[in-house]
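# Descriptive analysis of the structure
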Amino acid sequence: MLETFESSSVAHMAATTTTGQSAQSIITQKDFADAAIEISSWQGYQITPLYRLDNLARELNLGSVYYKDEGPRFDVGSFKALGAAYAGLRVLQRQISKRLGKNIPLADLHGAQYAEQISDVMLVAATDGNHGRSLAWGAGTFGAPCKIYIHKHVSQNRAAAIAQFGAQVVRVDGDYDHSVNICREEADKNGWFVVSDTSWEGYTQPPKDVMAGYGIMANEIDQQLDEPPTHIFIQGGVGGLAAALAARLKQIYQSRSPRVIIVEPELAPCLFESARNGCATNVEITRETQMAGLSCGEPSILAWRILGEEVRDFLTIPETLVAPAVRLLARPFGDDPTIVAGESAIAGLAGLIAAALQPELKDKLALGEDSKIQLIGSEGATDQAIYDEIING
Ligand SMILES: Cc1ncc(COP(=O)(O)O)c(C=O)c1O
């Protein structure tokens, strides 16, 4: 069952970190707390499950492996529900406060009081699926119009999942990074509001709010575990997820915070290359990875500021590990729980298994019998047809 992982070509970059306070200062404890208070008040909020994969841990000679399953997160099917919807609400708050010349509390945006003003603020985003779905869901819930830009590789099912919340879906040519640029241009031209999960020079507030929302996962992990994990293997797209967790876990656990290992597809290694160069670095995507949510060529500059200080280990994994990792969760060892995970959710797991089975890498990452590994299962089956194909393939 694990042979593919044992023989796979996994690259490791040992980065030189810079020192700084980014984990405390970019998203402050208050930013994280404000987001957590707001999001946990939403209808349908529930702590997502944290599963123990004891049999897998035994197979790998590790102390324990925990998998936090974000599949059931609200109606959205991924951790992204925590980010875009919250950042969209913050945009509405800032805009309506500005237009009315007074500070409107978030709580007041949930009632009918400002419905007319909200219906006049167009929220837009580019997405490879999950971020746009979350923004569409949030906009639909709060009553704001929404337009989502998708690129040509986004599956039809993912487009439909966005449209079901009432957002207009605009398909453009090119890849994810291209759709981000088109979305920005159109928003500038039309006075719309971009709610992006990635940041660039001069655009940082919504991505910061997105990351503040993601922090709730770290709070939940702290509640669900008796002691801090020693390692967290986490998949990277633009880096927002990893940066938010690295920062929030550092704030919670301080010197006992886990070693963060970022895992990317070898077809989209923008964080790996940033680590090699010691600065945010773009890469060209020449072939799309099956891990659609991780197909990003440009790191978020805000995320990179945190990752450049907090993360020493970056892995890339080949495409050949995607299906075996998804299947391993669907048909687990012994009585480990059966978990439904989408193709972008398993990069951390795949990186962990490969690293644990390759002695040199295992050593470099200090993985052993005392290790307590945290994984983030960042999505469920967000495209059922793709999931079925993987499982039955
Ligand atoms: C399921 C899933 N996991 C992980 C990621 C990576 O998150 P980030 O782009 O913030 O690094 C994404 C991004 O879209 C995703 O959809």
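So, how was this worked out
- Residues numbered from 1 in each chain as written.
- Predicted model: local features only at pLDDT ≥ 70, side-chain atom pairs only at ≥ 80, totals over all residues.
- Heavy atoms only, no water.
- Helix = DSSP H or I, 4+ residues; strand = E, 2+ residues; numbered from the N terminus.
- Buried < 20%, exposed > 50% of the residue type's maximum accessible area, 1.4 Å probe, protein only.
- Polar contact = N/O pair within 3.5 Å; in protein donor to acceptor, adjacent residues only side chain to side chain.
- Contact = heavy atoms within 4.5 Å.
- Domains from an automatic or database assignment.
- Buried area = accessible area lost by both parts, 1.4 Å probe.
- Salt bridge = Lys/Arg side-chain N within 4 Å of Asp/Glu carboxyl O.
- Near = heavy atom within 4 Å.
- Core = buried A, V, L, I, M, F, W, Y, C linked by side-chain atoms within 4.5 Å.
- Phe/Tyr/Trp six-rings, centres within 6.5 Å; stacked < 30°, edge-to-face > 60°.

### Side note on the side chain of Q93
Relative to the helices and strands, Q93 resides in helix α5 (residues 84–100). Taking the relative accessible area as the measure of exposure, Q93 reaches 14% and is therefore buried. Polar contacts involving the side chain of Q93 include one to the side chain of R90, which spans 2.7 Å. At 2.9 Å, the side chain of Q93 forms a polar contact with the backbone oxygen of I104. Sequence-distant contacts of Q93, defined by excluding residues within four places in its chain, comprise I104, P105, L106 and L109.

### Re the domain arrangement of the protein
Segmentation of the protein into domains returns domain 1 (3–78 + 211–392) and domain 2 (84–196). Its C-alpha centre places domain 1 at a distance of 26 Å from the equivalent point of domain 2. Counting from both sides, the interface comprises 26 residues of domain 1 and, opposite them, 21 residues of domain 2. Contact with domain 2 buries area across many residues of domain 1, yet E38, W42 and V76 alone supply 29% of it, more than any other trio. At the junction of domain 1 with domain 2, the criterion picks out one salt bridge. Between E343 and R158 there is a salt bridge, with its nearest N and O atoms 2.8 Å apart. Scanning the region where domain 1 abuts domain 2 turns up nine residue pairs in polar contact (both at pLDDT 80 or more). Those elements that place two or more of their residues in the side of domain 1 that touches domain 2 are α3 (29–39), α10 (205–214) and α18 (384–392). Of the residues forming the side of domain 1 that touches domain 2, the biggest block, four residues, is contributed by α3.

### Concerning the pattern of salt bridges
If you walk through the whole model with that rule in mind, you get 16 salt bridges. In this structure, D31 engages K208 in a salt bridge whose closest nitrogen and oxygen atoms are separated by 3.6 Å. Of this pair, D31 sits in helix α3 while K208 sits in helix α10, and the two are 177 residues apart along the sequence. Across the pair E310 and K250 runs a salt bridge, and its minimum N-O distance is 3.0 Å. Note that E310 is positioned in helix α14 (residues 301–310) and K250 in helix α12 (residues 240–253), a separation of 60 residues in sequence. By relative accessible area, K250 is classed as partly exposed at 26%. Linked through salt bridges whose partners overlap, the residues forming this network are K68, E70, R73 and E220.

### Things to note about the site of the ligand
As a matter of local geometry, the ligand sits amid 16 residues, with N130, G237, V238, G239 and S378 nearest to it. At 3.2 Å, a side-chain N or O of K80 approaches an oxygen atom of the ligand. Between an oxygen atom of the ligand and a main-chain N or O atom of V238, the distance comes to 2.9 Å.

### Some remarks on the nonpolar core
Core analysis: the biggest nonpolar cluster contains 83 residues, and L123 and F314 have the highest contact counts within it. A total of nine residues in this core trace back to one element, the largest contributor, which is α12. Per-domain counts for this core show at least three residues from each of domain 1 (3–78 + 211–392) and domain 2 (84–196). Counting 47 residues, the second largest nonpolar core, distinct from the first, contains A325, L329, A355 and L357.

### Here we look at the packing of aromatic side chains
Applying the stated criterion across every chain, the model contains eight aromatic pairs. Relative to F142, the ring of W42 has its centre 5.8 Å away and its plane inclined at 65°; by these criteria the two rings are edge-to-face. You can see W42 sitting in the loop between α3 and β2 (50–52) and its partner F142 sitting in helix α7 (residues 130–142), a full 100 residues away along the chain. An identical accessibility class is assigned to W42 and F142; each is buried. Between W200 and Y203, the ring centres sit 4.4 Å apart and the planes meet at 15°, which makes this aromatic pair stacked. Each of the two residues, W200 as well as Y203, counts as buried.

### Observations concerning unusual backbone geometry
Backbone geometry places N61, a non-glycine residue, at a positive phi of 55°. For N61, a relative accessible area of 46% corresponds to the partly exposed category. The residue F74 is not glycine, and still its phi comes out positive at about 45°. In this structure F74 comes out as buried when scored by relative accessible area, which is 12%.

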